[in-house]
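Here is what each chain is made of, one letter per residue.
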Amino acid sequence: MKSLVLVRLFVALCLVLPVLAFAQETVISGKVTDANSGDPLPFVNVILVGTTWGATTDFDGNYKMRTTAPSDTISASYVGYKTRKKVITKGIAQVVNFQLEEVSTSLQEVVINAGENPAYAILRQVVRNKNNNDKRKLTAYEYDTYTKIEIDVDHITEKFRKRKLVQKITQVLDSIEVIAGEEGKPVLPMLITESVSKIYYRDNPSLRYENILRSKINGLGVTDGNTVTQFVGSSFQEYNFYQNWLNIVGKEFVSPIADGWRLYYEYDLVDSLYVGDYYCYRLDFFPKSPQDLAFTGSIWITKDGYALKQIDATMGKTANINFVEKIKIQQELEPAGKGEPWLPVKNRVLVDVGELSNTSAGMLAKFYTSNKNFVINKPYEPSFYHQPIIMAEDARQNEEDKFWDSLRHEPLTSTEKNVYRMIDTLQTIPVVRTYTDIVKIAVNGYYKAGKIDIGPYVSMLAINNIEGLRLQPGFRTNYQFSDKWVLGGQLGYGFKDEKFKYTAYVQRILSRDRWTTVTVRARSDLGRVGVDEETAGDNFLLLASQRFGFFRRGYYMNEARVDFKRELFKGFTQRVGFRYLTFDPTFNYGYYEDPENIAESEIRQNFTTSEVILESRYARDELFIQSDNDRISLGATRWPIITVRYTRGFKGLMASDFDYEKLRLSVYKRIKFGPLGLGYLNVTGEKVFGSLPYPLLGLHLGNQSFLYTPVTYNLMNYGEFVSDQYLTIQYQHHFEGFLLNRVPLMRKLKWRLVGSANVIWGSLSQNNIDMNAPVTPDGEETLPLGYFDSRPYVELSYGIENIFRFFRIDFVHRMSYLDRPDVRSFGVMGSFQFSL
C-alpha cells in the first residue's frame, strides 16, 4: 500500500514540477520614450502578447509588471504611435525599453449607435463640477516646483549634414547617436536648464509670485543667464485646462473640457480603469475641424467628482499655425486635499518647430515641471506678491552635481547627462561661437564687447533727403560695467547736410525691487514733426524707420531731458520728467509771435520750449522680466493698460517761448474673442490748452507709401490734419483661421482674415489756426495747414495675412474728407510680418 502511494506521489511530482518550473515568475520593467524627441511617454499600454497581462506607463514613461503567463513577446502601443514588439526571456528579471515612432493620423470618425454618445454625459458632469475641481476656487496656494527645459536641433537630414557649418562640427555630430538611442532620431542639443522655485498664488485680487531659488543653465550663447533664468521658471510653463481657452505660443487654444466643448470636439468613451487610486473614464477627443486651434488626445476623468486626473493633448501640423509642427501637453493632477480642487503635480510640454527648407533643420523645445509640498488657503498680504518673478541673489551660484541631485524631484537620465557634456563640447568650437554671436546681435541689436555693448544696429545707418547717407555708431555699458549705472551714446554724421548729431545719456538704477530709475540725456539730432518718443512710446523700430525716406516736415533740434520713474505698487508706475527743446525747421514754416496782433506781430520759425511731464501708467496684470540693466514688458493678458500724461510748459524758463498745458489719456486692450480671433484696441484722447505753433500740437501720422503700417493712418497724407483736441480709436482684428478654415483651398494655404478701423474726431481752435503764418520770415509760402471740421476721419480696411507665412495685403478705404485735393479713397497696401 505504501509502495502504491509513493508511486502516485512520484507521478504527481513529475506532472507538477514542469508546470511549476514553467510558471516561474517573470519580472519586466523599462521605459517608453518618443523616438523623435526622447521624451518619456506616459499612459502607454504595455502588454504580453496573447494574454491579458499588462501595465500602463506612469507620467515619466516607466512601467513594471510581474507575470507567470507563458508569453515570450511584449508590445507597447499608444494612440498616434506605431506599435512595437520585443522578445523577452521568461523566468528572469529584465529591462525592456521602447522608443515609439509617431505616425500621422487623420481625424477619426466617431460612430455612435442609436442614442446619445455616452461620453457626453460625462463631459456635462465635468463642466458642472468645474468650480469644485478648478484650482482657481482656492483662496491661495503655494508649492515647490522643479522645472527642466531642453532645446535641441532636430530633423537632422543628410542635406543638413552636408552644409559647411555642420561639417565643421562633425566630431560632435558623430556622438549624436548616443543621445538619440538605437531606435530614435538624432538631435543636436543647444540648451538645457534647470530651476527650483517657490510659487505663491492668491485670489481676490488675483496675484502670483515666483521666487526662483536656484537655476542651472548650460547653452550656446548664454553668458549671463539672468533673463533666461526668469523665462525658464515655472511661470511660463503653466496650463489650466479648466479654462475655456489656453494661451500657447501667443495663440488661443480651446480646451477639450471648455464650457462649449461640443462646438469644437468629437469624443469617444474608450475605457474605464484605475489610474493610481482613482477609478477613471478615458475619453479620446478630436477637433471637428483639423485647422482649428484645438487638440487631439485623451483625458482621464475620475468617476468620483468628475475631476481631470490626467490629460495627453496634441496639436498637429494641420492646425492653422506657422512653423510649429506639433505641440504636445501632458499633465497629471492630484487633489489638494479631501474635497479640495485638483492641482497639477507634473507637466510636460513639447513644441516641435519644423524646418524652413530642405537644407535646414528643425527645433525641439521640451519643458518639464514637477510640483510638491502644497499649502492651500493661506494667502499673504497683496504687497507680498508685488513683483511677479524674483530671482534669489545666489540663484545662479555654481553648485556641485551632488547638491543639484538633492534639489531635483527626479534624477537626470543618462541622456540628459550626455546633453550637458555635448553642449560643453560645442561651446569650444570656434565656428559655433561665431554664429552664436551673430544670432545674439540679431536678437539683442547689440554686440557685446566686454563691459560695453556696441549698437543698436537698427539705427546705425539711414538714408533720407536731408542728410543723404547717415552713419551713426553707438554704445552702452552693460551689467559687467555696473548693475547700478548705465552710460551710453551715439554719434551720427549726415554726408549731405554735413552735420554731426549725437545722443549721450546716463541712467542710475535706484531700485530693482520696485523698479526705480533716474535718467539724464542730451541730444542734438534731426527729427520729423509728429514723430517723437512721446508719441511713439517704446516703438524703437518705428523711430528708426522714420529716419528713412522723404522728410516733408523735418527739423533740427537740441534736447535735454531728465526722467524719474518708479513703480509705486504692482502695475502702477509714476514718471516725472523735464524736457528742454529747440526747434529749427528744414521746411517752409512760420508763426506769429503775437497771434492776437497779427498786423504788427513778427513772424518767426524757430522756438524753444521747457516743460514738465507727469505720467501715471497702470497695467494691473502686466508681466515684466529684468534683462541685465533693462526691464522688459511681456504685455498684459486680461486687463487694459491705462496711461495718463500731463504736460506743463513754462514760458521764460530756460528761454522757453510758450505757456501751455496738455492732458492725454490712452487705453490699450488685447481682447479675446474665442473662435473669432483676437482684437487689439487703442483709444487715445488729448486736449491742448494754450496757443501754440502746430509742431507742438497733435499732428496725426499719415502714410503716403505702399507699405501698410498699423500705427499710422494709411490713406492720410503727411501733415494733412493737425488738432489741439482729439479722440482716436484704432482697432485691429485678427480672425486667425475663422471662416477661411472652412474653405478647402484656403484651408491648405492657411491664410487668415484681418480687419481694422481707424477713426479720429478732432478740432483746431481759431487761436491756433491764426497763430500759423502763411509765409516764412523770408516771405516764402509755408506748407498748408489742415484740420478737421465737424466730421470724423474714418479708414476701414480688410485683408489677408499669413500669405506664404510672411506677407500681408490690406485693402484700405478712406470713408471721409474725400472732397479734398490729392486724396486717395482706396489703396492696396502690403507689409511683411512674422507671426505664428
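All values derive from a computational prediction rather than experimental measurement. (Residues numbered from 1 in each chain as written. Predicted model: local features only at pLDDT ≥ 70, side-chain atom pairs only at ≥ 80, totals over all residues. Heavy atoms only, no water.)

A. Structural view of the overall build of the protein chain. Of the regular secondary structure elements, the protein chain holds 16 helices and 46 strands. Counting only residues that meet the buried cut, the protein chain has 49% of its 836 residues in that class. Put simply, the protein chain shows about 39900 Å² of open surface, and 57% of that area lies on carbon and sulfur atoms. (Helix = DSSP H or I, 4+ residues; strand = E, 2+ residues; numbered from the N terminus. Buried < 20%, exposed > 50% of the residue type's maximum accessible area, 1.4 Å probe, protein only. Areas by Shrake-Rupley, 256 points an atom, 1.4 Å probe, with all protein chains shown as cover.)

B. Structural view of the sheet that holds strand β6 (residues 84-87). Strand order in this open sheet of 4 strands is β3-β2-β5-β6, and the pairing throughout is antiparallel. In this open sheet, the two strands that pair with only one neighbour each are β3 (54-56) and β6. Adjacent strand axes in the sheet meet at a mean angle of 15 degrees when their direction is disregarded. Looking at chain direction, strand β5 (residues 73-77) and β6 are connected through 4 bridges and run antiparallel. Paired with Ser 75 across the bridge in β6 is Lys 85. (Pairing = 2+ DSSP bridges. Axes fitted to C-alpha atoms, helices over the stretch in contact; angles between N-to-C directions.)

C. Molecular detail of unusual backbone geometry. Cis geometry is found at the peptide bond from Asn 204 to Pro 205, where omega equals 0 degrees. A positive phi angle, near 60 degrees, is found at Asn 373, a position not held by glycine. Relative accessible area serves as the criterion here: at 47%, Asn 373 is assigned to the partly exposed category. Its identity as a non-glycine residue notwithstanding, Asp 822 has a phi of 60 degrees, on the positive side. Counting through the fold element by element, Asp 822 comes out in the loop between β45 (807-814) and β46 (826-832).

D. Quick look at the pattern of salt bridges. For the coordinates displayed, the defined rule picks out 46 salt bridges. The salt bridge partner of Arg 66 is Glu 25, with a shortest N-O separation of 3.4 Å. Here Arg 66 is found in strand β4 (residues 62-67), whereas its partner Glu 25 is found in the loop between α1 (2-22) and β1 (26-34), with 41 residues between them in sequence. For Arg 66, a relative accessible area of 47% puts it in the partly exposed group. Close ionic contact of Arg 604 with Asp 657 constitutes a salt bridge, the shortest N to O distance being 3.6 Å. On the criterion of sequence distance, the pair formed by Arg 604 in strand β33 (residues 603-604) and Asp 657 in the loop between β37 (641-649) and β38 (660-672) is long-range, its members being 53 residues apart. (Salt bridge = Lys/Arg side-chain N within 4 Å of Asp/Glu carboxyl O.)

E. Molecular detail of helix α2 (residues 118-128). Turning to α2, its buried residues number three or more, namely Ala 119, Tyr 120, Ile 122, Leu 123 and Val 126. Projection of α2 onto a plane perpendicular to its axis shows the buried side chains occupying an angular sector of 165 degrees, all on one side. Looking at the buried positions of α2, the neighbouring elements they touch are α3 (130-133), α9 (261-264), β14 (265-275), β15 (278-287) and β16 (296-302). Where α2 begins, the side chain of Asn 117 points an oxygen toward the backbone nitrogen of Ala 119, at a separation of 2.9 Å. (Arc of directions from axis to C-beta. Contact = heavy atoms within 4.5 Å. Polar contact = N/O pair within 3.5 Å; in protein donor to acceptor, adjacent residues only side chain to side chain.)

F. Structural view of the nonpolar core. Counting 43 residues, the largest nonpolar core has Phe 241, Phe 295, Ile 299 and Leu 308 as the members making the most contacts within it. Here this core takes 5 residues from α2, the largest share from any one element. Not counting the four nearest positions on each side in its chain, Phe 241 is found in contact with Leu 246, Ser 255, Pro 256, Ile 257, Phe 295, Leu 308, Ile 311, Ala 313, Ile 329 and Gln 331. (Core = buried A, V, L, I, M, F, W, Y, C linked by side-chain atoms within 4.5 Å.)

G. Quick look at the pairing of strand β44 (residues 793-803). Across the 11 residues that make up β44, a large majority, 8, are buried. As paired elements, strand β43 (residues 752-763) and β44 share 9 bridges and run antiparallel to each other. Within the sheet, the bridge partner assigned to Arg 752 lies in β44 and is Glu 801. Taken together, the 8 bridges between β44 and β45 define a ladder with antiparallel strand orientation. Bridge pairing in β45 links Ile 800 to Ile 809. Between β44 and β45, which follow one another and run antiparallel, lie 3 residues, and Phe 804 among them has a positive phi close to 55 degrees.

H. Representation of the sheet that holds strand β21 (residues 389-391) in the model. Read from one edge to the other, the open sheet built from 11 strands follows the order β14-β15-β16-β17-β18-β19-β20-β9-β10-β11-β21, with strand pairing classed as mixed. Of all the strands in the sheet, the pair left with one neighbour each is β14 and β21. Neighbour to neighbour, the strand axes of the sheet diverge by 15 degrees on average, direction disregarded. In terms of strand pairing, strand β9 (residues 140-154) meets strand β10 (residues 188-202) through 14 bridges, oriented antiparallel.

I. Structural detail: the pairing of strand β30 (residues 554-569). Pairing analysis gives 13 bridges linking strand β29 (residues 516-528) to β30, with the strands arranged antiparallel. Bridged to Val 520 within β30 is Val 562. By the bridge criterion, 14 bridges tie β30 to strand β31 (residues 572-585) in an arrangement that is antiparallel. Looking across to β31, one finds that Glu 567 is bridged to Thr 573.

J. Seen up close, the environment of Phe 673. If you trace the backbone, Phe 673 turns up in the loop between β38 and β39 (678-689). Those residues in contact with Phe 673 that sit more than four places away from it in its chain are Gly 679, Tyr 731 and His 733.

K. Seen up close, the packing of aromatic side chains. Scanning the entire structure with this criterion turns up 42 aromatic pairs. Taken together, a centroid distance of 5.1 Å and an interplanar angle of 85 degrees make the contact between Tyr 209 and Phe 384 edge-to-face. Of this pair, Tyr 209 sits in strand β11 (residues 207-219) while Phe 384 sits in the loop between β20 (362-376) and β21; the two residues are 175 residues apart in sequence, bridging distant segments of the chain. Residue Tyr 209 is classed as buried on the basis of its relative accessible area, which comes to 9%. Under the relative-accessibility criterion, Phe 384 is labelled partly exposed at 30%. Lying over the aromatic face of Phe 551, Arg 528 brings its terminal NZ or CZ to 4.2 Å of the ring centre. (Phe/Tyr/Trp six-rings, centres within 6.5 Å; stacked < 30°, edge-to-face > 60°. Lys NZ or Arg CZ within 6 Å of the ring centre and 35° of its normal.)

L. Expanded view of the side chain of Asp 352. Secondary-structure assignment places Asp 352 in strand β19 (residues 342-353). Buried charge without a partner: Asp 352 forms no salt bridge, and the closest opposite charge is Lys 326, 5.5 Å away. Ignoring any residue separated from it by four or fewer positions in sequence, one finds Asp 352 in contact with Asp 154, His 155, Phe 323, Val 324, Glu 325, Lys 326, Met 363 and Leu 364. (Lys, Arg positive; Asp, Glu negative; His and termini not counted.)

M. How the structure looks around the confidence of the model for the protein chain. Per-residue confidence for the protein chain gives a mean pLDDT of 83, with 86% of residues at or over 70. When the criterion is pLDDT under 50, residues 1-7 qualifies, and its contacts beyond four places in sequence or with other chains add up to 0 contacts. The model gives residues 106-110 a pLDDT under 50, and that stretch makes 11 contacts with residues more than four places away or in other chains. (pLDDT = per-residue confidence, 0-100.)

N. Up close: the environment of Ile 641. Relative to the helices and strands, Ile 641 is located in strand β37. By relative accessible area, Ile 641 is classed as buried at 13%. Residues Ile 641 and Tyr 618, spaced 23 residues apart in sequence, show a C-alpha to C-alpha distance of 5.9 Å. When neighbours within four sequence positions are excluded, Ile 641 is seen to be in contact with Arg 617, Tyr 618, Ala 619, Glu 622, Ala 636, Ser 666, Val 667 and Tyr 668.

O. Broad picture of the environment of Ala 336. Along the chain, Ala 336 turns up in the loop between β18 (324-335) and β19. Judged by relative accessible area, which is 23%, Ala 336 ranks as partly exposed. Ala 336 sits 201 residues away from Lys 135 along the chain, and the two C-alpha atoms are 8.6 Å apart. Non-local contacts of Ala 336, meaning those with residues more than four positions away in its chain, are made with Pro 341, Trp 342, Leu 343 and Ile 376.

P. Representation of a nonpolar patch on the surface. Where nonpolar side chains cluster on the molecular surface, the patch consists of Leu 568, Phe 569, Tyr 618, Ile 642, Val 644, Leu 663, Leu 665 and Phe 689 and spans about 660 Å² of accessible area. Contributing elements (two or more residues each) for the nonpolar patch: β30, β37 and β38. Residue placement: Leu 568 occurs in strand β30. (Patch = residues over 30% accessible without salt bridge, like charges linked within 9 Å, V, L, I, M, F, W, Y side chains within 5 Å.)

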